[in-house]
Amino acid sequence: MYKHFKIMGAGPAGLIAAITLARENYEVTVYEKNKECGMRFKGDLQGLENWSSRVNVLDEIINFGIETNFDCDPFCSLIGVDSKRQTTKFRSQQPFFYLVKRGYLPGTLDQGLKEQALELGIDIRFNTRVHEDEVDIVASGPVPKRLCAIDTGIIFETDAEDMAYGMLDDANSYKGYSYLLITKGYGCMCTVLFDKFSEIHQQFALVRETFEQITNIKIIKPSIVGGYGNFSTKNTFVKGRQLYVGEAAGLQDLLWGFGIRIALRSGYLAARCLIEGKDYAAEAKKLFYDSSRASVVNRAMWEYMGNSGYRLFLSLGRRSKDPKEFLYKLFQYNAWRRLAFPIALWDLRRRHTKAGY
Ligand SMILES: Cc1cc2nc3c(=O)[nH]c(=O)nc-3n(C[C@H](O)[C@H](O)[C@H](O)COP(=O)(O)OP(=O)(O)OC[C@H]3O[C@@H](n4cnc5c(N)ncnc54)[C@H](O)[C@@H]3O)c2cc1C
């Protein structure tokens, strides 16, 4: 049966939904308010995490029918830095994550998905802002009023070798974390905060100083990047005839703000539900509720831990036989997380009254 689907937003969630529908010969139009895909980012390096499932994230994406026609570098080692500047090296047989670039330049995830969409004949209307009522799938990204995390930092050129550092210290990354990622002479250093948003620039200045001292890297031609994210336990999966995917549905990992894998999964799921006539809200609840609730418990715990807790976390990770498996277990909604969930949610809502938890 002929059907023309309309999608709001050409981010990862919207584009994978469009590609999935077009592969089944549906006509698809994607409306994007910006003049290009990926304008939310400016070349930031982001991690396509490979720890929340035992299925390799690239295999999962390929199973969704997506080609990896974007820069995508596996990272099997990661260095943690604690508040005493002690470093802990983690190694894994399988990549912890794949580094991807975000933005409107060649090689980014956003441009790779755009090219695949255009090859399938999908009509992407740039510079076109639409309203939710006009589309079938809402993939418009974060909602500012549900702000739960902000991120600021720099991208730069460097002659340093590839590396990935994560820093856990409430003195410079309050209740969040900071990271330094370098791949093929291209670097990204950022601080992510889940609280005290007004201090982000001072905190990032301290982070930059610390990373420069620890690694001795030369930062060439830095330019500023950053953004914000949101999360909600009151996910809107369906409203009227619209299906909501990615961050527009409030989907995000609340512990550390990883959202690409979830955005891709939800966009694919929504499209499959349209194709197969399945109930998307029911399927999305099955797929996302447990991990979303586990991330609420993890965030509440993280905020209580503070620096000594982060040091314990790094030490437990180091002592585990397989640090990737250690992370996998962190994201499982097991019996104790189920018990802790109502208290964790109550506590987060009490402490972060403006976030849309
Ligand atoms: C600084 C930063 C670092 C991050 N790092 C990571 C990381 O390392 N790993 C990870 O997994 N996740 C990370 N995330 C989160 C991740 O980027 C997002 O979760 C993911 O991009 C969400 O995809 P999406 O398709 O739902 O939304 P988006 O990528 O935001 O795409 C939504 C699109 O909709 C468009 N749009 C919005 N409104 C309209 C409208 N009215 N009409 C038409 N178009 C519209 C927007 O312009 C945009 O192009 C990071 C986020 C930030 C801010």
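Residues numbered from 1 in each chain as written. Predicted model: local features only at pLDDT ≥ 70, side-chain atom pairs only at ≥ 80, totals over all residues.

## A look at the sheet that holds strand β12 (residues 177–183)
Point 1. The seven strands are arranged β6-β5-β11-β12-β13-β10-β14 in an open sheet whose pairing can be described as mixed. Edge strands, defined here as strands with exactly one partner in the open sheet, are β6 (87–91) and β14 (220–230). Geometrically, the sheet is characterised by an average inter-axis angle of 20° between neighbouring strands, direction not taken into account.
Point 2. One ladder, built from five bridges, connects strand β5 (residues 77–81) with β6; its direction is antiparallel. When the bridges of β6 are listed, serine 77 appears paired with arginine 91. (Pairing = 2+ DSSP bridges. Helix = DSSP H or I, 4+ residues; strand = E, 2+ residues; numbered from the N terminus. Axes fitted to C-alpha atoms, helices over the stretch in contact; angles between N-to-C directions.)

## Regarding the packing of helix α6 (residues 280–319) against helix α8 (residues 335–351)
Point 1. Orientation of α6 relative to α8, taken along the N-to-C sense of each, is 65°, at an axis distance of 8 Å. Read as a crossing pair, α6 and α8 show a hand that is left-handed. The segment α6 lies against α8, with Arg293, Ala294, Val296, Val297, Arg299 and Ala300 engaging Arg337, Ala340, Phe341, Ala344, Leu345, Asp347 and Leu348.
Point 2. Class assignment of the residues belonging to the contact of α6 with α8 gives a composition of nine nonpolar, no polar and four charged. (Left-handed = near helix turned anticlockwise from the far one by under 90°. Contact = placed C-beta atoms within 7 Å. Nonpolar A, V, L, I, M, F, W, Y, C, P; charged D, E, K, R; others polar.)

## As for the site of the ligand
Point 1. Close to the ligand lie 36 residues, the nearest being Gly9, Gly11, Gly141, Gly246 and Gly259.
Point 2. Among the secondary structure elements, those contributing two or more residues to the shell around the ligand are α1 (12–23), β3 (45–49), β14 and α5 (260–276).
Point 3. Here the shell around the ligand is built from residues that sort into twelve nonpolar, 15 polar and nine charged. (Near = placed C-beta within 6 Å.)

## Comments concerning the domain arrangement of the chain
Point 1. Splitting the chain by domain gives domain 1 (4–71 + 104–144 + 230–287), domain 2 (146–229) and domain 3 (291–351).
Point 2. Averaged C-alpha coordinates put domain 1 and domain 2 at centres separated by 26 Å.
Point 3. Contacts between the two partners involve 19 residues from domain 1 and, on the opposite side, 15 residues from domain 2.
Point 4. Broken down by class, the residue content of the side of domain 1 that touches domain 2 amounts to eight nonpolar, seven polar and four charged. (Domains from an automatic or database assignment.)

## Considerations on the environment of arginine 129
Point 1. With respect to the helices and strands, arginine 129 occurs in the loop between β8 (123–125) and β9 (137–138).
Point 2. For arginine 129, a count of 10 C-beta atoms within 10 Å corresponds to the exposed category.
Point 3. Separated by 53 residues in the primary sequence, arginine 129 and cysteine 76 have C-alpha atoms spaced 40 Å apart. (Buried ≥ 20, exposed ≤ 12 C-beta atoms within 10 Å, placed from the backbone.)

## Structural notes on the pairing of β5
Point 1. The antiparallel hairpin formed by β5 and β6 contains five residues in its connecting segment, where arginine 85 sits at a positive phi of about 65°.
Point 2. Bridge analysis of β5 against strand β11 (residues 163–167) gives three bridges, and the strand direction is parallel. Looking at the pairing, glycine 80 lines up with glycine 166 of β11.

## Description of the environment of histidine 131
Point 1. For histidine 131, the position within the fold is in the loop between β8 and β9.
Point 2. For histidine 131, a count of 9 C-beta atoms within 10 Å gives the class exposed.
Point 3. Through-space distance from the C-alpha of histidine 131 to that of methionine 167 is 40 Å; in sequence the pair is 36 residues apart.

## So, the environment of cysteine 37
Point 1. Inspection of the secondary structure puts cysteine 37 in the loop between β2 (27–31) and β3.
Point 2. Under the C-beta neighbour-count criterion, cysteine 37 is labelled buried, with 28 such atoms within 10 Å.
Point 3. Once you skip the residues sitting within four places of it in the chain, cysteine 37 turns out to touch Ala10, Glu32, Tyr104, Asp110, Gln111 and Lys114.

## Section: the packing of α1 against helix α3 (residues 109–119)
Point 1. It is the contact of α1 with α3, at a shortest axis distance of 10 Å, that shows an interaxial angle of 20°. The orientation of α1 with respect to α3, classified from their angle, is roughly parallel. Crossing geometry of α1 relative to α3 is assigned as left-handed. Along the contact surface, α1 presents Pro12, Leu15, Ile16, Ala18 and Ile19, while α3 presents Leu109, Leu113, Lys114, Gln116 and Ala117.
Point 2. For the contact of α1 with α3, a count of residues per class yields eight nonpolar, one polar and one charged. (Parallel < 35°, antiparallel > 145°, perpendicular 65-115°, else oblique.)

## Quick look at the nonpolar core
Point 1. The biggest cluster of nonpolar side chains holds 99 residues, and the ones touching the most others in it are Ile7, Ala17, Ala18, Val30, Ile137 and Val245.
Point 2. Discounting chain neighbours no more than four positions away, the residues touching alanine 17 are Ile7, Ile137, Ala139, Val245, Gly267, Tyr268, Ala270 and Ala271. (Core = buried A, V, L, I, M, F, W, Y, C linked by C-beta atoms within 7 Å.)

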